[in-house]
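Chain by chain, the residues:
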Amino acid sequence: MPRSEPKRFLPEATPETRHFWEGTRAGELRLQRCADCDRAYFPPRPFCPRCGTREVEIFRATGRGRLYSYVISHRAAPGFEAPYSIAVVELEEGPRMMTNVVECAQTPETLELDMPVEVVFSEQSDEITLPLFRPSEAR
Amino acid sequence: MSCDVAIVGAAETTELGRIPEMSQIQLHADAALNAIADAGLSISDIDGVATAGEQTTAIAHYLGIQPNWVDGTSVGGCSFMLHVRHAAAAIEAGLCETVLITHGESGRSQVGRGGFPRARSSLAGQFEMPYGPLGPPTLFTLPVMRYMKECGVSEEQLAMVAVVQREWAAQNPRASYRDPISVENVLDSKMIAYPFRKLMCCLVTDGGGALILTSAERAKDFPTRPVYVAGSGESVETPMVSQMDDFTSSRAFRMAGERAFASSGIRHDDVDHLMVYDAFAHLPLYGLEDLGFVERGEAADFVWERNTAPGGRLPMNTNGGGLSYMHSGMYGMYALQESVRQLRGTAPAQVKDARISFCLGVGGMFGASGAVVLSNEVI
């Protein structure tokens, strides 16, 4: 049997984050929003990190955002081929999240700060689908 | 806290760099024994212990100390700045008399060193690790593209930080790297994580350091010149660099810095010597701005114009820093050691008549900060 490729580090959901990983599996990027101050936040937790209320709701984000910052790693982590971008995307709703920008050249020329990006879902296992981002088609 | 407590013992491990013959706990002990000798004390005189990277229980037992007070605050490489702050408060409050703070790390040789596993269910395990970061070179560096865009900073200016610090290291016989380098050399060195080249990233070495603090009143009876704790500050922000509030400024730096200035009553002009923890070349730029030595976006020009270089008006990272002197992983202890040497007048690259040193540490990836104002006079 051929040796399997090394897999990337995969997350393990907790009760507080399960909705997020169920969302990505269903092709949705789910954020939370405070009912009182109406602000979206990330990463998931069952209370608003600004005002502390437990009155929060889960909603489906648009999956659109802009490239906020990144590095291009020239050493490969397990499951990656160098060079690859490790990026932070600022979502339309406000929160920022780490991700990889994919489906484009992994170069500073292509990875222009503030360029519009959109989510793509990458299935890694039965449980885990990761939200990655690619340059938006309508640029 | 106004010079009521002093550092009366300070030392690093006998060797620095590559020390495969010592385990990590022995690096703590080697530095501790050197600091105890420096202060003219014996182990039985120590009644307080603070450390990070190892358990306080392990260090106290290994050294045979029976403490009345311990502090295991562990927030990364600036933990020792927080230990100085907490120890000063504990001594002032009468909880203990003589505190030993130790650091030791087999960063390069990895002898007897526990790992730092990230649980897959931790927030960083879920929302950062799946995207392929390989430790600090791909995490600590993540905000810098945003900083460079907003502040108009070039890759050449980022490289200059490393160039200037190598000039300081050239004067230091214990520095790992001492040969002069140019901006071109830095930019031509191996790409690690764009825009960071190898020479913009810290060393990975073995070593340790220890400090001994006691009341200013008792400090007069010690063989060493007292270095007073004139003020301090601390804060934490986030364990995930992707979630820091502002990618162009560290909230923890600002909060720790403001409190350190306020508690010591000094102004920026009073600072003769500055240490800013430099695991990577951008940290001194954030530090200069977040502490208010320059306005937002001005730090790169300030360094480029040689204000922090030998002969400049604000000597910074005079041991050569984590980029050229040494970096075991939790570098904060070495920044404190250099501040003490400068104020004792024993630094290899001595700043003439240095009276006040400001020492800023960082923990995690912009996750935490500790700031200490030290002086060789009661201010």
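Analysis parameters
- Every chain begins its residue count from 1, and numbering advances along the sequence as written.
- As they are written, the chains are lettered A onward and the ligands numbered 1 onward, keeping that order.
- A pLDDT threshold of at least 70 governs which residues receive local features in this predicted model, and a stricter bar of 80 or more applies before side-chain atom pairs are shown or counted, although totals over entire chains, interfaces and linings include all residues.
- Structurally, a nonpolar core is described as a collection of buried Ala, Val, Leu, Ile, Met, Phe, Trp, Tyr and Cys residues joined by way of C-beta atoms within 7 Å.
- Residue burial is a threshold on neighbouring C-beta atoms within 10 Å of the residue's own C-beta, all placed from the backbone, with 20 or more meaning buried, 12 or fewer meaning exposed, and counts in between meaning partly exposed.
- Only DSSP runs of H or I with at least four residues qualify as helices, and only runs of E with at least two residues qualify as strands; both kinds are numbered from the N terminus onward.
- Contacts are defined on C-beta atoms placed from the backbone: any two residues whose C-beta positions lie within 7 Å are in contact.
- Each residue receives one of three labels: charged for Asp, Glu, Lys and Arg, nonpolar for Ala, Val, Leu, Ile, Met, Phe, Trp, Tyr, Cys and Pro, and polar for the others, Gly being one of them.
- Paired strands, in this sense, are two strands between which DSSP finds at least two bridges.
- A fitted line through C-alpha atoms represents every axis, and for helices the fit uses only the stretch in contact; the resulting angles, taken between N-to-C directions, go from 0 to 180 degrees.
- Between 65 and 115 degrees an angle is taken as roughly perpendicular, under 35 as roughly parallel, over 145 as roughly antiparallel, and anywhere else as oblique.
- Helix crossings get a hand from a simple test, with the near helix turned counterclockwise from the far one by less than a right angle marking a left-handed crossing and a clockwise turn marking a right-handed one.

S.K.: Just checking my understanding: could you explain the nonpolar core for this structure?
M.R.: One broad trend across soluble globular proteins is that nonpolar side chains are buried collectively. Residues and elements named next belong to chain B. Counting 159 residues, the largest nonpolar core has Val84 and Leu213 as the members making the most contacts within it. For this core, the element with the highest residue contribution is helix H7 (residues 155–169), accounting for nine residues. Apart from the residues lying within four places of it in its own chain, the contact partners of Val84 are Ile101, Leu211, Leu213, Val229, Ser232, Leu336 and Val372.

S.K.: I would appreciate a short explanation of the interface of chain B and chain A in the present structure.
M.R.: The parts lose accessible area when they come together, and the size of an interface is often stated as this lost area. Tallying the contact residues gives 28 residues for chain B and 29 residues for chain A. Within the residue set of the side of chain B that touches chain A, elements represented by two or more residues are helix H4 (123–127), helix H6 (144–151) and strand S5 (191–194) of chain B. Within the side of chain B that touches chain A, the residues separate by chemical class into 16 nonpolar, eight polar and four charged. As judged from the two bridges shared by strand S4 (residues 64–73) of chain A and S5(B), these two strands associate in the antiparallel manner. Bridging across to S5(B), A:Ile72 finds its partner in B:Tyr194.

S.K.: Where do I start with the packing of helix H10 (residues 251–264) of chain B against helix H11 (residues 283–290) of chain B in this structure?
M.R.: Helix-helix packing is described using two parameters, namely the angle between the two axes and the distance between the axes. Residue and element names in this part refer to chain B. Look at H10 against H11: their axes get within 9 Å of each other, and the N-to-C directions meet at 45°. Taken together, the axes of H10 and H11 lie oblique to each other. Considering only the axes of H10 and H11, their crossing is right-handed. Taken together, the residues of H11 that come into contact with H10 (itself represented by Phe253, Arg254 and Gly257) are Tyr286, Gly287 and Asp290.

S.K.: Would you mind showing me how to read the environment of B:Asp179 here?
M.R.: Among the structural elements, B:Asp179 can be located in the loop between H7 and helix H8 (183–188). Expressed as a C-alpha distance, the spacing of B:Asp179 and B:Ala169, which sit ten residues apart in the sequence, is 8.3 Å.

S.K.: I would appreciate a short explanation of the pairing of strand S7 (residues 206–215) of chain B in the present structure.
M.R.: Residue and element names in this part refer to chain B. Counting buried residues in S7 gives nine out of ten residues, a clear majority hidden from the surface. As paired strands, strand S1 (residues 5–12) and S7 are joined by seven bridges and run antiparallel to one another. Residue pairing across strands places Glu12 opposite Gly209, the latter belonging to S7.

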